[in-house]
Number of protein chains: 2
Amino acid sequence: MKYSVVVVDDHYLLSQAIGGMVQGFEKFDVLYLCKNGQELLDKLKEPNNIPDIVLMDIKMPILNGIETTEIINKEYPNLKVLALSIEEDEYTILKMLRAGARGYLLKDTKKEILEEALTKVIEEGSYYTNNVSKILTDSHENDVRTEIKDRELEFIKLACTEMNYREIADIMCCSYKTVEGYRDSLYRKLGIKNRIGLVLFAIHHNLFTP
Amino acid sequence: MKYSVVVVDDHYLLSQAIGGMVQGFEKFDVLYLCKNGQELLDKLKEPNNIPDIVLMDIKMPILNGIETTEIINKEYPNLKVLALSIEEDEYTILKMLRAGARGYLLKDTKKEILEEALTKVIEEGSYYTNNVSKILTDSHENDVRTEIKDRELEFIKLACTEMNYREIADIMCCSYKTVEGYRDSLYRKLGIKNRIGLVLFAIHHNLFTP
DNA sequence: CATATACTGGGGGAAACCCCCTAATCTTTA
DNA sequence: TAAAGATTAGGGGGTTTCCCCCAGTATATG
């Protein structure tokens, strides 16, 4: 009896290729492929379509891997998710693991590691590569990010546009001075000097995708 | 006699998976895999290592796909390159085709298209998907980008940092007023209002990678 | 040769941005 | 209940950016 696998990746050729690779593994069969999280959730409604494990990309249109994993962990707590992504920033990895992923593989691992990770996740419940466990233990960079308040995060996203602070204040329904307050507090916390620095920070930490 | 293929992609699992897929094609054999352009060029020095076609990613460390393709077209003009990338902005596609790629596939095509493209490139010399040929004919957005002078491009890259214009002037070895001139001319040409707009433009057009 | 058209610089003023300060609410937590 | 902190908002002033104006030189281009 083989374990069933579903591959979720918006780049179809890649999910086909990875699906083909998994199909070649001794203990695994590919059940089907999905192009995004929504497609997967729709499929799962049919009980026959529930696999043993989902191999999930993160950046996807409509419903991304993190949101999808959260939903899966609520609705199908026995369904295991293994993340497979190119995103290597600590915060994304942490978010994915907190969402309930049982492991996190980068797309430049090897075939053998993928096979081992799939096996370990199914048989032991989880699989962590060295770099991922290191991030789990000493995640310093994360500190600075959790310090960002909700309202500040809202501001950051608007600061990554051509709007000036007065226009941002209008959208956030607060005064110009309040917006200046968010900015000043962020500049201090993040050690940046100007709005360009803020945009770069937002991009590097996946708060904003250009 | 099968055609030989080399896959160049920095994400090793993906090149393995795509290599496996290609290996399954009737008329093709995978010769070897590479993690970047430099690795490929090193390999090609050995005549036995020259394949019939190279399947090349674009974004790679050390030597990217565009630079690599340019070199290949000079040194090995008979070696065909087929681009396979997730980059879908017009300028990157154009640059890759001008560098000498015989076709450009997005990573969300299908297995059958990949097989067809490989075959057509080898047997007929080129393969263009609909979207790519459309870009080749009516590329308007490109106009604005070719209007950017060398010195302005240099400025753009520096504007995508936390430096202020005085510091940028120092690095560019010109006066503060000259830098302001570059900025003003770019703002007019690109229809943007402030430096954030310039950074976003640079990112969207791959002039700057955060 | 004359006429564009970069490329380079400069003046000046208005607007935006940056950075320090204070302080009133309101919620959370010890 | 008192302390801590989040959220809001304002004063004041220095710096930077933005957006006009102008003009010399150098290099093509007709």
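Cut-offs used in this document
Residues numbered from 1 in each chain as written. Chains lettered and ligands numbered in written order. Predicted model: local features only at pLDDT ≥ 70, side-chain atom pairs only at ≥ 80, totals over all residues. Heavy atoms only, no water. Least-squares fit on C-alpha atoms with pLDDT ≥ 70 in both. Contact = heavy atoms within 4.5 Å. Domains from an automatic or database assignment. Buried area = accessible area lost by both parts, 1.4 Å probe. Salt bridge = Lys/Arg side-chain N within 4 Å of Asp/Glu carboxyl O. Polar contact = N/O pair within 3.5 Å; in protein donor to acceptor, adjacent residues only side chain to side chain. Nonpolar A, V, L, I, M, F, W, Y, C, P; charged D, E, K, R; others polar. Helix = DSSP H or I, 4+ residues; strand = E, 2+ residues; numbered from the N terminus. Buried < 20%, exposed > 50% of the residue type's maximum accessible area, 1.4 Å probe, protein only. Near = heavy atom within 4 Å.

Things to note about the relation of the copies chain B and chain A
Here is step 1: The two copies are related by a screw operation: chain B maps onto chain A through 180 degrees of rotation and 0.1 Å of translation along the axis, at an RMSD of 0.1 Å. These values place the two chain copies in the arrangement generated by a two-fold rotation axis. When each C-alpha of chain B is compared by its distance to the rotation axis, Ala17 of chain B comes out closest, at 2.5 Å.
Here is step 2: Here 100% of the contact residues of chain B are again contact residues in chain A; the copies associate through an equivalent surface.

Focus on the domain arrangement of chain A
Where interface size is given, it is often the accessible area lost as the parts come together that is meant.
Here is step 1: Taken as a whole, chain A is organised into domain 1 (3-137) and domain 2 (147-204).
Here is step 2: The C-alpha centroid of domain 2 of chain A is placed 34 Å from the C-alpha centroid of domain 1 of chain A.

What about the interface of chain B and chain A?
Here is step 1: Taken together, the contact between chain B and chain A spans 34 residues of the former and 34 residues of the latter.
Here is step 2: Summing both partners gives a buried area of about 2,900 Å² for chain B against chain A, and 70% of it is carried by carbon and sulfur.
Here is step 3: Broken down residue by residue, the surface that chain B buries against chain A is led by Leu13, Glu162 and Ile196 of chain B, which jointly contribute 25%.
Here is step 4: At the boundary of chain B with chain A, the tally comes to 0 salt bridges.
Here is step 5: Applying the counting criterion to the chain B and chain A interface returns 10 residue pairs in polar contact (both at pLDDT 80 or more).
Here is step 6: Among the residues forming the side of chain B that touches chain A, the class breakdown is 19 nonpolar, 7 polar and 8 charged.

Topic: the environment of Ser85 of chain B
Residue and element names in this part refer to chain B.
Here is step 1: One can find Ser85 in strand E4 (residues 80-85).
Here is step 2: When its relative accessible area of 1% is taken as the criterion, Ser85 is described as buried.
Here is step 3: Residues Ser85 and Lys107 lie 22 residues apart in sequence; the distance between their C-alpha atoms is 5.5 Å.
Here is step 4: Beyond its immediate stretch of four places on either side in the chain, Ser85 contacts Asp57, Ile58, Tyr104, Leu105, Leu106 and Lys107.
Here is step 5: Among the polar contacts made by the side chain of Ser85, one reaches the main-chain amide nitrogen of Glu87 at a distance of 3.0 Å.

A few points about the protein's contact with DNA strand D
Here is step 1: Close contacts around DNA strand D come from 18 residues, with Arg151, Ser175, Lys177 and Tyr182 of chain A together with Tyr165 of chain B the closest.
Here is step 2: Sugar and phosphate atoms constitute 63% of the interface atoms of DNA strand D, taking the interface as everything within 4 Å of the protein.
Here is step 3: One of the backbone N or O atoms of Arg195 of chain B is found 2.9 Å from a phosphate oxygen in DNA strand D.
Here is step 4: Element by element, the count of residues in the surface near DNA strand D is highest for helix H10 (residues 176-190) of chain B, at 6 residues.
Here is step 5: Here the surface near DNA strand D is composed, by residue class, of 5 nonpolar, 4 polar and 9 charged.

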